[in-house]
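Residue strings, one per chain:
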Amino acid sequence: MPAPQPIDLLVSGGTLLTLAGPAAPIDDAAVGISGGAIQFACARGDAPAVIPRETLDAAGCLVMPGLVNTHTHLPMTCFRGLADDLPLMEWLHEHMFPAEAKHVNREMIRRGALLGMAEMILSGTTTCCDSYFYESSVAEAAVEAGVRIVAGLGFIDFKPPDAEELRRKAEAAKRFIAKWAPRAPMVTPALFCHSAYTCDPETLRLVKRIAGEADVPFMMHLSETREEVDIIRSRYGARPVHHLRSLGVLGGRCAIVHGVWLEDDEMDILADSGTGLCHCPESNMKLASGIARIPELLARGVAVGLGTDGAASNNDLDMLLELDTMAKLHKVATMNPTAMDAGTALRIATIGGARVLGLQDLVGTLEPGKRADLIVIDLRRPHLTPLYHPFSQVVYACRGGDVRDSIIDGKVVMRNRELLTLDVPRIMDDVREIADRVKKG
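Position numbers for residues start from 1 in each chain and track the written sequence from start to end. At least 70 in pLDDT is required for a residue's local features to be given in this predicted model, at least 80 for side-chain atom pairs to be given and counted, and no such filter applies to totals for whole chains, interfaces and linings, which use all residues. For the side-chain quantities, the full set of heavy atoms in the structure was used; hydrogens and water were omitted.

**Student:** Break down the packing of aromatic side chains for me, citing the residues and quoting the values.
**Tutor:** Two aromatic rings, drawn from Phe, Tyr or Trp (for Trp, its six-membered ring), form a pair once their centres lie within 6.5 Å of each other, and the interplanar angle then sorts them: stacked below 30 degrees, edge-to-face above 60, tilted otherwise. Here the structure, examined in full by the defined rule, presents two aromatic pairs. Seen from their ring centres, Phe97 and Phe158 are 5.9 Å apart, and the 85 degrees between their planes marks the pair as edge-to-face. Here Phe97, found in helix α1 (residues 88–103), pairs with Phe158, found in the loop between β9 (148–155) and α4 (163–180); they are 61 residues apart in sequence, far enough to count as distant. Each residue gets one of three labels from its accessible area relative to the maximum for its type: buried under 20%, exposed over 50%, partly exposed in between, using a 1.4 Å probe on protein chains only. The exposure class of Phe97 is buried, given its relative accessible area of 14%. Taking relative accessible area as the criterion, Phe158 reaches 66% and is therefore assigned exposed. We count a stretch as a helix when DSSP gives it H or I for four or more residues in a row; a strand needs E for two or more, and each element gets its number in order from the N terminus.

Right, dumping it as structure tokens:
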């Protein structure tokens, strides 16, 4: 009989959802972790003999992959609730852009990002994709918090760029990638163009070319509102997806965000080009942008992930609430209760998001060899009792506050609802101080 092998961490007991293929829930499970990677994820009776340096008892809990938030703007926690109940263009141009122009700096970015990291950990997110200005400050906050991040350096044109401006953009993109690429797999640099109506075609081509040469993700908002579609059609004579295809920016680790107003042929183009989509249902609902045709995109084979968007347009970063909203929204939109079942929804929020971000070989499922990003949900609560179907329980009954423990890259970053990497009261005080300045104008 082989001698027990030492491992770093053993998560023992509870019900395990690996989300690997068609795998069924596993009762009385065990997950072994060493060097930040999963060594085994199986029934406890099938686990090898080990000597763990640390043990986490998951009896009475559910163990599953951490949630993947494919689109957010973390520093915008500083603007949470600043301007609500408005259409997108008014919200953006009359409130967000002016507030950002006056108050955004590296200090605000870092403090707001840290608050967002705390909120995400507390509600089960282990990987996020963020896009904003001064994105290195966001990446630094993620390193401090221990959150896995795809950090997207943002680009926007407030006037048509000349040759010098394009040169500066290219240099900034290359510096950012060179700085953060060595921090993989915890930090993945990416490039993010705000939209096809705020970025000149030359900017889109340039940024996508640099992303392709470096093999990093390229992302942008697209077809979020009917008004945006009309702007692009009047300006370029084509619908948004056709416009991007003509510029050669689709495919090759490209993902669009929102995709609410896509026509059939545009969905076909996304599928054929291998372009992914980040779905942000609560933000789209709150801004009355519309409902993306997610079941149809999935039927075409488009990789779809779930995102919260920023806290200024949602107004929270709770992926479990987003998950519940998504599943129900598409049922009522299609008048079909089977349009998005719980298993499909949960996979969109985990391995689906990992595929959109190009991280499917690292995270999204609990399998030997993958990085150990997992959460423990406490089922011993009235609203989670009894348990018949674990997938449905997560999607339709769980809330962010039910997440008890969070492990990212094999490190326990939250135990028994206590964050071990961040001083949450101090972070909240810091953001309140920023909000006081914002209120004064």
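**Student:** Talk me through empty space enclosed by the protein; I want residue IDs and the actual numbers.
**Tutor:** Note on definitions: the grid is 1 Å and covers protein atoms alone; a cavity is a set of points where a 1.4 Å probe fits but cannot get out; a pocket is an open set with protein on both sides within 12 Å along at least five of seven lines; lining residues have an atom within 4 Å of a point. Grid points are joined across faces, edges and corners, and a volume is the space filled by probe spheres set on the points. Taken as a whole, this structure holds one cavity of 30 Å³ or more when the rule is applied. Counted as a void, the largest cavity has a volume near 320 Å³. His73, Met76, Leu92, His194 and His221 are the residues nearest the centre of the largest cavity, which is lined by 25 residues in total. Of all the elements in the fold, those that place two or more residues in the lining of the largest cavity are α1, β8 (125–132) and β9. No other element matches α1, which puts six residues into the lining of the largest cavity.

**Student:** Describe the layout of surface pockets, and please don't skip the residues or the numbers.
**Tutor:** Counted as a void, the largest pocket has a volume near 500 Å³. If you go around the largest pocket, you meet 18 residues; those closest to its centre are Phe133, Tyr134, Glu135, Leu153 and Gly154. Put simply, the parts of the chain that give the lining of the largest pocket at least two residues each are α1, α3 (135–145), β9 and α4. Among the elements that make up the lining of the largest pocket, the one with the highest residue count is α4 (four residues). Gly is put with the polar residues, along with every residue not named as nonpolar or charged; the nonpolar set is Ala, Val, Leu, Ile, Met, Phe, Trp, Tyr, Cys and Pro, and the charged set is Asp, Glu, Lys and Arg. Class assignment of the residues belonging to the lining of the largest pocket gives a composition of 11 nonpolar, two polar and five charged. Considered as a void within the structure, the second largest pocket measures approximately 220 Å³ in volume. Looking at which element gives the most residues to the lining of the second largest pocket, the answer is helix α12 (residues 342–357), with six residues. Within the lining of the second largest pocket, the residues separate by chemical class into eight nonpolar, four polar and three charged.

**Student:** So what's going on with the packing of helix α2 (residues 106–122) against α3? Which residues, and what values?
**Tutor:** At a closest axis distance of 8 Å, the pairing of α2 and α3 adopts a crossing angle of 40 degrees. Taken as axis vectors, α2 and α3 run oblique relative to one another. Crossing angle aside, the handedness with which α2 passes α3 is right-handed. In this structure, α2 uses Arg106, Ile109, Arg110, Ala113, Leu114, Met117 and Ile121 to contact α3, whose residues at the interface are Ser137, Val138, Glu140, Ala141, Ala142, Glu144 and Ala145. The class makeup of the residues in the contact of α2 with α3 is nine nonpolar, one polar and four charged. The axes used here are C-alpha line fits, helices contributing only the stretch in contact, and every angle between their N-to-C directions lies in the interval 0 to 180 degrees. Oblique is the label for any angle not under 35 degrees, not over 145, and not in the 65 to 115 range, which are roughly parallel, roughly antiparallel and roughly perpendicular in turn. In this scheme the handedness of a crossing depends on how the near helix is turned from the far one: anticlockwise by less than a right angle means left-handed, clockwise means right-handed. In this analysis, two residues are considered to be in contact whenever any of their non-hydrogen atoms come within 4.5 Å of each other.

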